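Read off the chains here:
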Amino acid sequence: MKRARALLLAATLAICLIPVAPASAAPAPVVQPVPAGAGHGHAVSGAEGIVDLVRLGYTESEYLLSGAAETYAQDGAWTSDGVWKTEVSSTGNPYTTRMIVQRPTDPARFNGTVVVEWLNVSFGVDIPVDLSQSYEYLAREGYAYVGLTAQQVGADKLTDLDPARYPGVSISDDALSYDILTQAATAVRAHPELVGGRAPEIVLASGHSQSATRLTTYANAVQPRSEAFDGFLVHGRAGGAAPIAGGLPPVNTRVRTDLPVPVFVLQAETDVILSASVRQDTEKVRTWEVAGTGHADQYGLDLYNAANARDKGINGGAPTYCDKPVNSMTFRYAQNAAYDHLHRWARTGSAPPTAPPIDMLFGLIIRRDADQNALGGIRLPDFEAPIATYSPHNTGGNVPGACLILGTTTPFAPPRLVQLYPDHATYVAEFTAAADKARDAGYLLPEDHAEAVARAQAAKVP
C-alpha cells in the first residue's frame, strides 16, 4: 500500500512538472531567409555595396519575420516617472516584416551580444541611424546586428520599392510595433543560426529619434511584461514618448528607474533643448550629452546618401544637401563608448561613468564660448581642440526638415586658427591632451583615441 501511494505521488508530481503552455499563448514567429538574388538583389537600407563588409569580416543576410502580434492599451494613469502599466487590447494581429542581420563571417568572432535597432522611419524609409555611426565598432568587437522594420510606413516602403523581394510584407498599424520588437528579440534568441549558430547571451535594443520615443515607451510600458531585452540604448530622444492606445504620455517622461536592466540615454546637442527636463543619472539609467554634435551628421549622411542613391527611397535617390556644410563633429566616438559601456553594464552590472550635462541657462538656452561652441557636456577631442564652430542646426536643403537636424560646421578663419595653434605641433599637443582626457574619463575608446590622434597628426592645421 505504501509503495502504491508513493508511486501515485510520484506520478502526480511528474504530471505537475510537465510545462503546459497557456491557452492564450501566441505561436512563435516564423523566420524565413530572403533569397540572396530576390528582387533587386540587395536589402533596402542594407550595408552591402555601401560598406566594405569583407574588410570588416562581416556577412549581411535578410529575413522575413511573420507572426501574430498583440496590441496594448494604457492601464491607469501614466505619470512622468515612467512607471506605466498596460493591458492587452487585441491579439492575433497578423504581420510580416523584415530583419537585416549582420554578423561576423567567422562565427567564432561573435561576442555573444546582439543589437536590435528599431529602424528610423522619419523620412518615410528605414534608416539604420545607430548602425551608420557605430558599424566599425560593432564589427571590431564582434557584435551581431539586427535592423528591424517595426512600423507600417517602413513596411509599406519596402513593398513599394521592391515588391518582388518583399512579398507579403505588411504591418497594418503602428500599434503592432511594440510586440513586433518583442517577437524580433524572441526570434533572435530562438534561432541561433541567424547569428552564426551560437545562442546570444545578451540582446540589446537601440533606436534613434522617432524610434527613441517609441523605445522609451517600450522600456516603460512593455519591457516589464516582456522581459525581452537585457538593456537599451535610447539615442536622440525628446522629452516625451510615443503613445499607446488609450492616451498620450506626459510631455516630460522619464525612463522608469525600477527596471532590472540598464537604459543608456545618449543625446546630441540638437536634442538637449527638448530633453533637458528629463535628464537622469540613476542606478539603472545613464544620460550623456555630447557637445557640438548634431541630431544627425555628415558621417551618417555619407552612408545615407550612398544607400539612397541605390535604393531611391527619398527624393528619387538624390543626395541630401543643406545651405551650409553639415555638422562633422565625431559623435560616433561617444556612441561607440556608450555601446561598449552598455554591453558591460548588461553583462556585469558595472555602470558607465556619469558625464556633465551641456551647460544651459534656465534650461532653455545653451551657453556658448566666444567661438559659439557649447559649454559643458562630453567634450570629444575634436571639440575640445576645435578648428570650427559646430552648430546643432542647419537651414534650407532639398529634403524638408532634414537640415534642421543635420547641424552646421563653420570652419574658423585662418587668423583664429593661428591664434589658437601657432604651429602644427601645438595643435597636435592640445588635441592629444584632449583625447587623453576623454579616454581616461571613459568617453573615448582606446581604438578611437588612436584613430583621432592619427587624424590630428595628419591634419593641415593651422
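The model shown is predicted, which means the values in this text are computed figures rather than measured ones.

Participant: Mind showing me how you'd approach the overall build of the chain here?
Facilitator: When you go through the chain residue by residue, the secondary structure sums to 14 helices and 13 strands. Relative to its length of 462 residues, the chain is compact, with a C-alpha radius of gyration of 24 Å against a globular reference of 23 Å. A principal-axis box enclosing the C-alpha atoms of the chain has dimensions of 100 × 50 × 45 Å. The buried share of the chain, taken over its 462 residues, is 55%. Contacts spanning at least 24 positions in sequence make up 76% of the contacts within the chain whose residues lie at least 6 apart. Put simply, the chain shows about 18900 Å² of open surface, and 59% of that area lies on carbon and sulfur atoms. The distance from the centre of the 35 positive side-chain charges to the centre of the 47 negative ones in the chain is 5 Å.

Participant: Would you take a moment to explain the sheet that holds strand S6 (residues 202–208) for this structure?
Facilitator: As a general point, the strands of a sheet are linked pairwise by backbone hydrogen bonds and lie either parallel or antiparallel. A sheet is described by the order of its strands in space; here nine strands give the open sequence S1-S2-S3-S5-S4-S6-S7-S8-S9, paired in mixed fashion. Two strands close off the open sheet at either side, each with one partner strand: strand S1 (30–33) and strand S9 (285–290). Between one strand and the next, the sheet's axes are offset by a mean angle of 20 degrees, whatever the strand orientation. The sheet contact formed by strand S2 (residues 58–75) and strand S3 (residues 85–104) spans 17 bridges and is antiparallel. For Tyr 72, the partnering residue across the bridge sits in S3 and is Val 88. Taken strand by strand, helix H6 (residues 210–226) contacts S2, S3, strand S4 (113–118), S6 and strand S7 (231–235), and its axis lies near 155 degrees from that of S7. Running over the sheet, helix H9 (residues 331–348) touches S4, S6, S7, strand S8 (263–268) and S9 and is turned about 175 degrees from S8.

Participant: I tried to follow unusual backbone geometry on my own but got confused; where do I start?
Facilitator: A cis amide bond links Val 461 to the next residue, Pro 462, at an omega of 0 degrees. Inspection of the secondary structure puts Pro 462 in the segment after helix H14 (446–458). Located in the positive-phi region is Glu 227, a residue other than glycine, with phi close to 50 degrees. One can find Glu 227 in the loop between H6 and S7. For Glu 227, a relative accessible area of 64% gives the class exposed. Although it is not a glycine, Asn 315 adopts a positive phi angle of roughly 55 degrees.

Participant: Any chance you could explain the confidence of the model for the chain here in plain terms?
Facilitator: Detailed conclusions should not be drawn from predicted coordinates in areas where pLDDT is low. The predicted model of the chain has a mean per-residue pLDDT of 94, with 94% of residues at 70 or higher. Here residues 1–24 is a poorly scored stretch, pLDDT under 50, and it has zero contacts once near neighbours within four places are set aside; other chains count.

Participant: Would you mind going over the pairing of S6 with me for this structure?
Facilitator: The side chains of a regular strand alternate between both faces of the sheet. Counted residue by residue, S6 has seven buried out of seven residues, so it is predominantly covered. Residue alternation in S6 divides its side chains into two sets, Ile 202, Leu 204, Ser 206 and His 208 and Val 203, Ala 205 and Gly 207, and both sets are buried. Two strands pair when backbone bridges link them, and S4 and S6 are joined in this way by six bridges, in the parallel orientation. Along S6, the bridge assignment pairs Val 115 with Leu 204. In terms of strand pairing, S6 meets S7 through five bridges, oriented parallel. By the bridge assignment for S7, Ala 205 is matched with Phe 232. At this point the chain moves from S6, through H6, to the parallel S7, and the crossover so formed is right-handed.

Participant: Any chance you could explain the packing of aromatic side chains here in plain terms?
Facilitator: Each pair of aromatic rings is reported with the distance of its centres and the angle of its planes. In this structure the tally under the stated criterion is 14 aromatic pairs. The interplanar angle of 80 degrees and the centroid separation of 5.8 Å between the aromatic rings of Tyr 218 and Phe 229 together place this pair among those described as edge-to-face. Of this pair, Tyr 218 sits in helix H6 while Phe 229 sits in the loop between H6 and S7, and the two are 11 residues apart along the sequence. A relative accessible area of 0% means that Tyr 218 is categorised as buried. Both rings, one in Tyr 218 and one in Phe 232, keep their centres 6.1 Å apart while their planes meet at 50 degrees; by these two values the pair is tilted. Of this pair, Tyr 218 sits in helix H6 while Phe 232 is found in strand S7, placing the two residues 14 residues apart along the sequence. Comparing Tyr 218 with Phe 232, the two get one shared label, buried.

Participant: Before we go on, may I ask you to explain helix H8 (residues 298–311) in this structure?
Facilitator: Along an α-helix, a turn takes 3.6 residues, which lines up residues three or four apart on a common side. With 14 residues, H8 extends 19 Å from end C-alpha to end C-alpha; this agrees with the ideal 20 Å at 1.5 Å per step. Restricting attention to buried positions, one finds in H8 the residues Gly 300, Leu 301, Leu 303, Tyr 304, Asn 305, Ala 307, Asn 308 and Asp 311. Structurally, H8 contributes buried residues whose contacts are with helix H3 (129–141), helix H4 (152–161) and helix H11 (402–406).

Participant: I keep staring at the pairing of S2 and nothing clicks. Help me out?
Facilitator: Counting buried positions over the 18 residues of S2 gives 14, a clear majority of the element. As paired elements, S1 and S2 share four bridges and run antiparallel to each other. In the strand pairing of S2, Gln 32 is matched with Leu 64.

Participant: Would you mind showing me how to read the state of the cysteines here?
Facilitator: Each disulfide consists of a covalent bond between the sulfur atoms of two cysteine residues. According to the stated counting rule, one finds one disulfide in the structure shown. Cys 322 shares a disulfide with Cys 403; S-S distance 2.1 Å. The sign of the -100 degrees torsion about the S-S bond sets the Cys 322-Cys 403 disulfide as left-handed. Within this pair, whereas Cys 322 is found in the loop between H8 and H9, its partner Cys 403 is found in helix H11, the two being separated by 81 residues in sequence. One exposure class covers both Cys 322 and Cys 403, and it is buried.

Participant: Got a minute to help me understand the side chain of Ser 134 in this structure?
Facilitator: Counting through the fold element by element, Ser 134 comes out in helix H3. What makes Ser 134 buried here is its relative accessible area of 0%. At 3.0 Å, the side chain of Ser 134 and the side chain of Gln 335 are in polar contact. Discounting chain neighbours no more than four positions away, the residues touching Ser 134 are Arg 332, Gln 335, Asn 336 and Tyr 339.

Definitions and cut-offs
Residues numbered from 1 in each chain as written. Predicted model: local features only at pLDDT ≥ 70, side-chain atom pairs only at ≥ 80, totals over all residues. Heavy atoms only, no water. Helix = DSSP H or I, 4+ residues; strand = E, 2+ residues; numbered from the N terminus. Rg over C-alpha atoms; globule rule 2.2 N^0.38 Å. Buried < 20%, exposed > 50% of the residue type's maximum accessible area, 1.4 Å probe, protein only. Contact = heavy atoms within 4.5 Å. Areas by Shrake-Rupley, 256 points an atom, 1.4 Å probe, with all protein chains shown as cover. Lys, Arg positive; Asp, Glu negative; His and termini not counted. Charge placed at Lys NZ, Arg CZ, Asp CG, Glu CD. Pairing = 2+ DSSP bridges. Axes fitted to C-alpha atoms, helices over the stretch in contact; angles between N-to-C directions. pLDDT = per-residue confidence, 0-100. Right-handed = clockwise from strand over helix to strand, strands pointing away. Phe/Tyr/Trp six-rings, centres within 6.5 Å; stacked < 30°, edge-to-face > 60°. Expected span 1.5 Å × (residues − 1). Disulfide = S-S within 2.5 Å. Polar contact = N/O pair within 3.5 Å; in protein donor to acceptor, adjacent residues only side chain to side chain.

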